[in-house]
Amino acid sequence: MTKFREYKGLNLPVIDEGVLSFWQQKEVFKRSIEERSLDNAFVFYEGPPSANGKPGIHHVMARAVKDLFCRYQTMKGKRVERKGGWDTHGLPVELKVENQLGITKDDIGVKISIEEYNKACREAVMKFKELWDDLTRKMGYWADLDHPYITFENNYIESVWNLLKDLHQKGLIYKGYTIQPYSPAAGTGLSSHELNMPGAYKDVSDTSAVAQFEVIRNSDSKHLFEDNAQGGLYIIAWTTTPWTLPSNVGLAVGKKITYAKVATYNPYTTLPVNIILAKDLLAKWFKPQQAEADYDAYDPGDKIIPFKVIGEYKGDQLEGIRYHQLMPYVQPTDGDAFKVILADFVSTSDGTGIVHIAPSFGADDMRVGKQNGLGSLTLVDKQGKFVDSVTDFAGRYVKNYKDESDETYRPVDIDIAIWLKENNKAFNVQKYQHNYPHCWRTDKPILYYPLDSWFIRASSVRDRMVELNNTINWKPSHTGEKRFGNWLENLQDWNLSRSRFWGIPLPIWRTEDGTSEICIGSIEELMREIEKANQELGLTQSVPDDLHKPYIDNVILVSDDGRKMQRESDLIDVWFDSGSMPYAQWHYPMENQEIFDRNFPADFICEGVDQTRGWFYSLHAIGTMVKDSVAFKNVVSTGLVLDKNGVKMSKRLGNVVDPFVTLKTHGADATRWYMMTNAQPWDNLKFDEAGIVEVKRKFFGTLYNTYSFFSLYANLDQFAYEQDQIPLVERPEIDRWIISELNTLIQEVDNQYSLYESTAAGRKIQYFVESHLSNWYVRLCRRRFWKGSYEHDKIAAYQTLYECLLTISKLMAPIAPFFADWLYRNLNEATQQEKHISVHLALMPPVEQQLIDKDLQERMDYAQRISSLILSLRKKEGIRVRQPLQKILLPVLNSEFQSQVEAVSDLIRSEVNIKEIDYIKESSGVIKKRIKPNFKTLGRKLGKDMKVAAQLISNLSQETISDIEKSGTYSLVIGENTYALTLEDFDISADEIPGWQVATDGEITLALDVTITDDLKKEGIARELINRIQNLRKDNGYEVTDRIEVKLLHHDQIQQSLQSYRDYIADEVLANSIDIVDTLDGETTLLLEGIETKINTQKV
RNA sequence: AGUCUCGUAGCUCAGCUGGUUAGAGCACUACACUGAUAAUGUAGGGGUCGGCGGUUCAAGUCCGCCCGAGACUACCA
């Protein structure tokens, strides 16, 4: 017969190793998939990590969440394939390689060939793959590591191209301008990533100018000229980049902002002017004494320039007003110009409340410019200097890009300011300190500059994306509804272009003038086009073995009219790579069409919340545009893992937690359990190792102890579940109770898992194990396991505890896969009750509703609380539990309560060592009652009278309370109003039993009879003796089954006690004899106050 | 700057659609228990539920503003 395995202690990392090799040997992961039917799939997508960095503890977090729901679904009978994947392209990879090679972007193609560079990237990107795979295994994350998708592989790229072609055919891809950070010194655009590098933003002092834009008088603007003082009418706008002023094409005002018209004099020319600026900002540009000065008495040269407000307008009254171009060098040809428009970003926090718009040099400017039909002027070239048409400043660098020393470089901003002053176009010029981004490589200020880019017209499917998003179940919901939803509402087109080297090349070829273009959707198509080009152009090209740069750039195609087409040199955004994985991981549509159909869309994905605009978006956008479908139905976005002080982990601070060390020290399960139960996955986790230790000790330790306890006695009794299952009705109350609780737990946990609420599920399991199973069921049932012979009641106890443990192993398996399997197999090994070799091949236990008995659970709750109250009274009175007491007094206010308590009175009496429970009926008149209003029902009835009523009700007399209980009604009179109240409007409970000390917990109140009679005292002594002898047995190292002989040193009271309890004691301590002797060697033992003896035990 | 989330005991967190003594665990202190023992029980201290205002008979819970922390987006005249 097989025994249950017994262990010397709990060692989670050792369990991990054992289970891991078992999984590997038996291919449990593979079987967990293959044993499930193909047409019952639960689809999961793995968001690909990049293996060019080491995995951190936060990866354990995100992967624990992914893993647990996949395991759960497997245990619900679903087939859950989990293809791993690697994200291999992108800027972080390139920057790291540049760093390693000690080169910059400019060196690529010069110091190192693109070919070599890309080779370096390809190697670097998989640098830590082994480490990742190792972590994946060690943390118990089940994913197919042997057949991952890799974004740099040709098959993957081909699928991505196919998607792009699909979009291209739908007219969703176009080339356009966008304003991007640009470094003239380096001659390259910068990504926002690069802009966010530490130190990129620097405080600099620039020349700022408030320029005067002269309003043109026409039918639209004539209302602005009413009440004007002498001089022209100007709108004034502030800028910290005066070099953008020649490129000005508009002025933006805020719709709701109030603007003031002010009559004053220009400080540089002293000419009278009427100017318009935000009313709130008057104080910024004028001092109070200027308002007091007499406008008419102004004399050029006066220190104080007077001003007066002569009009007021709302922003929308200014819309459409036209003005004379400020610096008339060139006029735009691609749209309207020189008018006032409305823009939502205009504020009155600084400047004049009016923003000068130069669409070529600001993203906001470009956007509102387009919206309002404005054209643009780009009067600065890519080297950062003015073009020739800006005659006065032609050829001058707008910032010091030539590394001239500060003495020789004359900022053009200053000269522009002077020009403005001389032309009565400057209202104010001063130095201004602000934070401005710089190129991290050249240290020079960047410009925002229009660059060519390819876009996906995502905004055209905005509404559909919003619509589809509303069908997705987001955990937590606000990430989807608010964060993602809001982002979709304001969706801009997707900038696909990246002018780098290591990435998927944009498969678009164009003629030089851009009139003909082709988007390639497959290698086969590329081959056809190449052959066509070879024929027409007399070339001998073939499809490159590697679809990356530089090879692909060498391919020349031919247009329908026989002209050469070159590939557009851009790469695509890596987010498009990862968003393509539902298709590209299967090399769809070139292969695996059925597999794809089965696996789209995903039932579940999960990544960090930082992926909201990243992977979640790219999946959703591509799914919407290509398949008019969601790409995922359920998504969990996980929060950050911070250090224990709530600080973000970073190498610099040295607070990074090494996941390998954590797993090695505490085991994967304790780590996972801690992460899942300490905080919701989407809340940030303050990672504290002490928390793992606590989980290990409290949860796993308790569960381990429970199993040890079970296996110890089961082996002694040779229990192996060989007998028929004892019907539940034949088992004692406490068995039925724990089984009822267990089924309640199954129901709740299953429900929580299905709702992606892993934290609630874990906490419920933990509560059951610690409170119900260990601390109540096992504690109360201990005797049943070690006392008496192996028959009915004992077998029932084994069967019950066994079932609880087995069920727990299943419920916990998704979160703690190692320990669960260890426990499951330990149990099943001896009984062979289940046919599965691993818990992960088993199904979640079904709820047996008929076994859930709410009444039973309620009365056990009473038993626990009553016991607790009695223990607390014993404590107060200083009477130890070993001293039996005669009775407790328990007021019962209704018969249900009494019968409920009676059903568990055995448990209570043995738990707290009392002889009887004396139920005090309300009719006895001994109980003093307390009455409280039931606010919930009364509040609705009484409304404003509630406050008075509460006062009245709590002061009702004992007689009235009795009346209410008898009649069930009460008329409450408050002022004019009479309310008919019923019993449910009150909360009546026992308050005290006069003459007794009571303890109260909610509706339960009780008193303890603390009289210790001689008989009770004798029994108490007997219990003390048993205790001491048991301790000796243990100290002497006897087996729990050894028989002994006992000798006691004479003491009168012991003698008396023995007369009554000799057999009882002998039975408890397995003694063949108990003798009282007059002399005995050894230490004196204090039994009770004043009772000393010596005890000697001898093994028979 | 905008959007979103969070703020409850020294620490980590519960607190359902508003209902009157705000809970648990850890930690701390004291006392018990002891055939699960590197476990367990009982008791105790500890809270202006971030602040201010509002709605309501009633606010930790709903609304507004503010403060603090974090995430994301944008980078400003």
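Cut-off values and rules
- Residues numbered from 1 in each chain as written.
- Chains lettered and ligands numbered in written order.
- Predicted model: local features only at pLDDT ≥ 70, side-chain atom pairs only at ≥ 80, totals over all residues.
- Heavy atoms only, no water.
- Helix = DSSP H or I, 4+ residues; strand = E, 2+ residues; numbered from the N terminus.
- Rg over C-alpha atoms; globule rule 2.2 N^0.38 Å.
- Buried < 20%, exposed > 50% of the residue type's maximum accessible area, 1.4 Å probe, protein only.
- Areas by Shrake-Rupley, 256 points an atom, 1.4 Å probe, with all protein chains shown as cover.
- Lys, Arg positive; Asp, Glu negative; His and termini not counted.
- Charge placed at Lys NZ, Arg CZ, Asp CG, Glu CD.
- Pairing = 2+ DSSP bridges.
- Near = heavy atom within 4 Å.
- Polar contact = N/O pair within 3.5 Å; in protein donor to acceptor, adjacent residues only side chain to side chain.
- Salt bridge = Lys/Arg side-chain N within 4 Å of Asp/Glu carboxyl O.

**Concerning the overall build of chain A**
Part 1: Helix and strand counts for chain A stand at 35 helices and 38 strands.
Part 2: The C-alpha atoms of chain A give 41 Å as radius of gyration, which overshoots the globular expectation for 1100 residues (31 Å, by more than 25%).
Part 3: Reported as C-alpha extents along the three principal axes, the dimensions of chain A are approximately 125 × 90 × 55 Å.
Part 4: Residues classed as buried in chain A amount to 56% of the 1100 residues present.
Part 5: With the model as given, the accessible surface of chain A reaches about 48500 Å², and the carbon-plus-sulfur share is 46%.
Part 6: Across chain A, 130 positive and 157 negative side-chain charges occur, with their mean positions spaced 2 Å apart.

**Considering the pairing of strand β21 (residues 564–567)**
Part 1: Only one face of β21 is buried, namely the one carrying M565 and R567, since none of K564 and Q566 on the opposite face is buried.
Part 2: The pairing of strand β18 (residues 508–510) with β21 spans two bridges and is classified as antiparallel. The residue bridging W509 from the neighbouring strand is R567, located in β21.
Part 3: Pairing between strand β20 (residues 557–558) and β21: two bridges, direction antiparallel. Paired with L557 across the two strands is M565, which belongs to β21.

**Comments concerning the protein's contact with RNA strand B**
Part 1: Neighbouring RNA strand B are 60 residues; W238, T239, V355, R882 and V1040 lie closest to it.
Part 2: Between R880 and RNA strand B, the recorded distance is 3.4 Å, taken from a side-chain N or O atom to a phosphate oxygen.
Part 3: Backbone polar atom of E1068 to a base oxygen of RNA strand B: 3.1 Å apart, as the coordinates give it.

**Considerations on the pattern of salt bridges**
Part 1: Tallied over the full model, the rule gives 62 salt bridges.
Part 2: Here E607 makes a salt bridge to K66, at a shortest N to O gap of 3.0 Å. A residue pair is termed long-range when its members are at least 10 positions apart, and E607 in strand β23 (residues 602–608) and K66 in helix α3 (residues 57–75) qualify at 541 residues. Like E607, the residue K66 is buried in the burial classification.
Part 3: For the salt bridge of K170 with D166, the shortest nitrogen-to-oxygen distance reads 2.8 Å.
Part 4: You can call K170 partly exposed: its relative accessible area is 43%.
Part 5: Look at D166 and you get partly exposed, because its relative accessible area is 22%.
Part 6: Residues joined by salt bridges that share partners form a network here, namely E46, R63, K66 and E607.

These figures come from the coordinates and say nothing about function on their own.
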